[in-house]
Structure formats: structure tokens, C-alpha cells
Amino acid sequence: MSRLFFALRNLAMLLCLLLSPMRPATAWPAELPLVRIAHGAFSEKIAVMWLGAEQGIFRKHGVNVEVVAIRSGPQTMAALASGDIQIAYTIPGSVVSAAASGMDVAFFGGIINLAEGDFMGGKNIRSPEDLKGKRLGVQSIGGGTWSNSMLAIEYLGLEPNRDKITVLVIGDTPVLAQSLMGGGIEAAYLTYGYSKPLKEKGFPLLLDMAKAPIPYQGLAPATRRSYLRQNPQIIDALMRGFVESIAYIQQPANKEIVLKSLMKSLRLKNLRDAETGYESLQWMYTLNIKPNFPGIVNMQRLLALSNPKVKNVKIEDVVDEAPWQRLEKSNFYRELTAMK
């Protein structure tokens, strides 16, 4: 009898659920806008994106960020033009070259606003002069490693054509480090996390880029101008997310979390290598994420050596300072900087 009672009661409850009016869709929280941010670099410099997404900092400010890797600048710009991604975390080479080809794209912030990283020589290289007639490895022509390498060579008084330095497209930073160690190339620009093990093995440091007075704009967020016009709230949310992620990375209490993220994202096996990257982020990142005009102009000059079309690009057309100006005037930014 009791079994029949419970069976009838459960049936009645099921009927009530089926016949009751559905909950209005407006009662559910709205889905956050999805923003795909693409990067081509493979270094600790992507940490602001990785940690911002992993720790929910971007979601806190109203956007759901997905970080994706795209190997080359032209592919990144193509994905941006097609709408497959919304933001490119990229360098002036990609943006200025795309603008020279007619794409309406602009930087709206600046994350890495100074030259940094190590220009390393092979084990048998003793001075910059030894690079004459040797092989230099890069990830791609016009990319970040190429730009830093060309600036380093220029600063050291060398010139690739005159000095018969062969520029070879080898691969990303881990591949470049491996090739330098194995003797496949005699020079390469490496980020600090990858240069430290080589220095410990006796490979020569030819130039610490951070110690050279080179105007430079490194990785920075860029997007189509139409996206900037149509989505100012999303752009402002991203800008808040960038600076709060930087503050999070530089908070000593978060060191272990940041190290774990670097080890996972960079596929590092040695904690010391992650710590090298972590330490560089403490001075490489700042809360001043304004685009670096002199740095972009310097990159345009360098690019014009191989692509004369970029000379026709007006720098003011590939930079939008309005998002930075809005962030700088906000109470959120004032309060965040006051805590530093």
C-alpha cells in the first residue's frame, strides 16, 4: 500500500512540473560576450592574458575571454579580418603591415612598452664581430623575434646584407633555443626564460635588450576600428582586465599561482625557468598600458627596410588612445594605482 502511495505522489509531482509555466528566459543571467584574443608569441609575456582568463579577472569586468595561439602575424590579421578572433595581442609589424594592405586596424593599448629579452650568440661566438657570415634564426620575417633581432644587430653596429648574416626562419622561441644549442644557428633573440639556461651553459649574451635605449612597442592589443566603435564597453572591460591582471601577477601573494600558470602554458619542466619569467614580469609589465608612439614609429622604420609600402601608413591611423584615456580617468584605475 505504501509503495502505491509513494508512486502516485511522485507521479503527481511530475505532472505538476510538466504542466507548470516555464521560467521566463529573462530570469536567467545574460551570457557574457565572448572575446577571442589571439597571440603568436610563446613566452611569459602572454601571462596577462593567461592569468586574466584563468583567474576570472576578465569575467569580473564583464567579458568572457578565450586565449588562442596563432603562429604568424599574417594569419592573426586574417583571423581578425574574418571575425574568427576579436583581438590580436600582437606587434607593430603585424598591424602596420596589415594597415599598409588596406586593413582598418589599430592598437588600443600597450602591454609591453619597452625592448626586453636577450640577443644570444652560439657557443663559439665571442663578440658581435664574430656574427659576420653567420646564421641568425627567427620565427618569421617581420615578426617579434625578427624585429628584436634586427634592432639588436643594428645597435651592435652590424648590417645583415653588408655583413653577410643569413636570416633563417627556424621556429618559435623553444625551437630557436634548441637550434642555437645544437649549432644549427649562431645567433637568436630569446626571452629571458629561455636564455637563462643557455647562459648557464656558457653561451654568450651579446645584448640585453632592456639595457639598450631602443624605442620599442612590443606586444599590445589591436582590433578593427569598426569593433572599437561598436563595442566601447567591451574594450573598456578588457582594459580594466589587463591592468588588474598585471596587478595580480605582481602581487607577491600570487607568485605560486603565476608560476604554475607559466609552467603549464609554456610547458616548462624546470621551476627555475618559470621563476626567471616571473621575475621579468615584475618590471616588464606596468599599469601604464598606453600605446607607445615612438616605439611604433621605430618599428615602422625597421619594417620599411623590407616592405616600402609601410612608409605610407600614418601612425595616428593605427593607434586609438581613447580606451587608454577613458581608463586613466576612471575611479577604478585611480584606486588600483593607489594600491601599488
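Calculation rules
Residues numbered from 1 in each chain as written. Predicted model: local features only at pLDDT ≥ 70, side-chain atom pairs only at ≥ 80, totals over all residues. Heavy atoms only, no water. Pairing = 2+ DSSP bridges. Helix = DSSP H or I, 4+ residues; strand = E, 2+ residues; numbered from the N terminus. Right-handed = clockwise from strand over helix to strand, strands pointing away. Buried < 20%, exposed > 50% of the residue type's maximum accessible area, 1.4 Å probe, protein only. Contact = heavy atoms within 4.5 Å. Axes fitted to C-alpha atoms, helices over the stretch in contact; angles between N-to-C directions. Core = buried A, V, L, I, M, F, W, Y, C linked by side-chain atoms within 4.5 Å. Salt bridge = Lys/Arg side-chain N within 4 Å of Asp/Glu carboxyl O. Phe/Tyr/Trp six-rings, centres within 6.5 Å; stacked < 30°, edge-to-face > 60°. Parallel < 35°, antiparallel > 145°, perpendicular 65-115°, else oblique.

### Focus on the pairing of strand β6 (residues 135-138)
Line of reasoning, step 1. Both β6 and strand β7 (residues 166-169) contribute to a ladder of four bridges, which runs parallel. In the strand pairing of β7, leucine 136 is matched with valine 167.
Line of reasoning, step 2. Chirality of the crossover, the property in question, places the unit of β6, helix α6 (residues 144-155) and β7 among those that are right-handed.
Line of reasoning, step 3. Relative to strand β8 (residues 187-190), β6 is paired through two bridges, and the arrangement is parallel. Each residue of the ladder has a partner; that of leucine 136, found in β8, is alanine 187.

### Describing the environment of proline 221
Line of reasoning, step 1. Inspection of the secondary structure assignment puts proline 221 in strand β10 (residues 220-224).
Line of reasoning, step 2. The class for proline 221 is buried, based on a relative accessible area of 1%.
Line of reasoning, step 3. A C-alpha to C-alpha distance of 8.6 Å links proline 221 and alanine 106, two positions 115 residues apart in sequence.
Line of reasoning, step 4. If we ignore the near neighbours within four places in the chain, the residues touching proline 221 are Ile87, Ala88, Tyr89, Ala106, Phe107, Phe108, Gly109, Gly110, Ile111 and Phe242.

### Remarks on the sheet that holds strand β1 (residues 34-39)
Line of reasoning, step 1. The strand order across the open sheet formed by five strands is β2-β1-β3-β10-β4, and the pairing between neighbours is mixed. Each edge of the open sheet is held by one strand with a lone partner, namely β2 (64-69) and β4 (105-107). Strand after strand, the sheet turns through a mean of 30° between neighbouring axes, direction not considered.
Line of reasoning, step 2. Direction of pairing for β4 relative to β10: antiparallel, over a ladder of three bridges. Following the sheet pairing, phenylalanine 107 is matched in β10 by alanine 222.
Line of reasoning, step 3. Sheet contacts for helix α2 (residues 47-54): β1, β2 and β3 (87-90); angle to β2, the most-contacted strand, approximately 140°.
Line of reasoning, step 4. Contacts from helix α5 (residues 92-100) reach β3, β4 and β10, with the element oriented near 150° to β4.

### Details of the nonpolar core
Line of reasoning, step 1. Membership of the largest hydrophobic core comes to 61 residues, with the highest contact counts inside it found for Tyr89, Leu238, Phe242 and Tyr285.
Line of reasoning, step 2. Not counting residues within four places of it along the chain, the set of residues in contact with leucine 238 comprises Val35, Ile37, Phe58, Val63, Val65, Ile87 and Phe108.
Line of reasoning, step 3. One finds Ala88, Met150, Ile214 and Val310 within the second-largest nonpolar core, a separate group that totals 48 residues.

### Considerations on the environment of glutamate 256
Line of reasoning, step 1. Looking at where glutamate 256 falls in the secondary structure, it is placed in helix α11 (residues 255-266).
Line of reasoning, step 2. A relative accessible area of 53% places glutamate 256 in the exposed class.
Line of reasoning, step 3. Sequence separation of glutamate 256 and arginine 71 is 185 residues, and the distance between their C-alpha atoms is 28 Å.

### Description of the pattern of salt bridges
Line of reasoning, step 1. By the definition in use, this model includes 15 salt bridges.
Line of reasoning, step 2. Where aspartate 163 meets arginine 162, a salt bridge forms, and the shortest distance between an N and an O atom there is 2.9 Å.
Line of reasoning, step 3. The class of arginine 162 is exposed, set by a relative accessible area of 52%.
Line of reasoning, step 4. Measuring nitrogen to oxygen at the nearest pair gives 2.9 Å for the salt bridge that ties arginine 326 to aspartate 236. With arginine 326 in helix α14 (residues 322-329) and aspartate 236 in helix α10 (residues 232-249), the pair connects residues that are 90 residues apart, well separated along the chain.
Line of reasoning, step 5. Each of Asp104, Arg225 and Asp320 takes part in a single network of salt bridges with overlapping partners.

### Notes on the packing of aromatic side chains
Line of reasoning, step 1. In this structure the tally under the stated criterion is three aromatic pairs.
Line of reasoning, step 2. Between phenylalanine 58 and phenylalanine 242 the ring centres are 5.8 Å apart and the planes differ by 85°, which places this aromatic pair in the edge-to-face class. Of this pair, phenylalanine 58 sits in helix α3 (residues 57-60) while phenylalanine 242 sits in helix α10, placing them 184 residues apart in sequence.
Line of reasoning, step 3. Given a relative accessible area of 1%, phenylalanine 58 falls into the buried group.
Line of reasoning, step 4. For phenylalanine 242, a relative accessible area of 0% translates into the label buried.

### A look at the packing of α2 against α10
Line of reasoning, step 1. One way to put it is that α2 packs onto α10 with a least axis distance of 9 Å and a crossing angle of 95°. When the interaxial angle is binned, α2 and α10 end up roughly perpendicular. Across the interface between the two elements, Ala47, Val48, Met49, Leu51 and Gly52 of α2 pack against Phe242, Ser245, Ile246, Tyr248 and Ile249 of α10.

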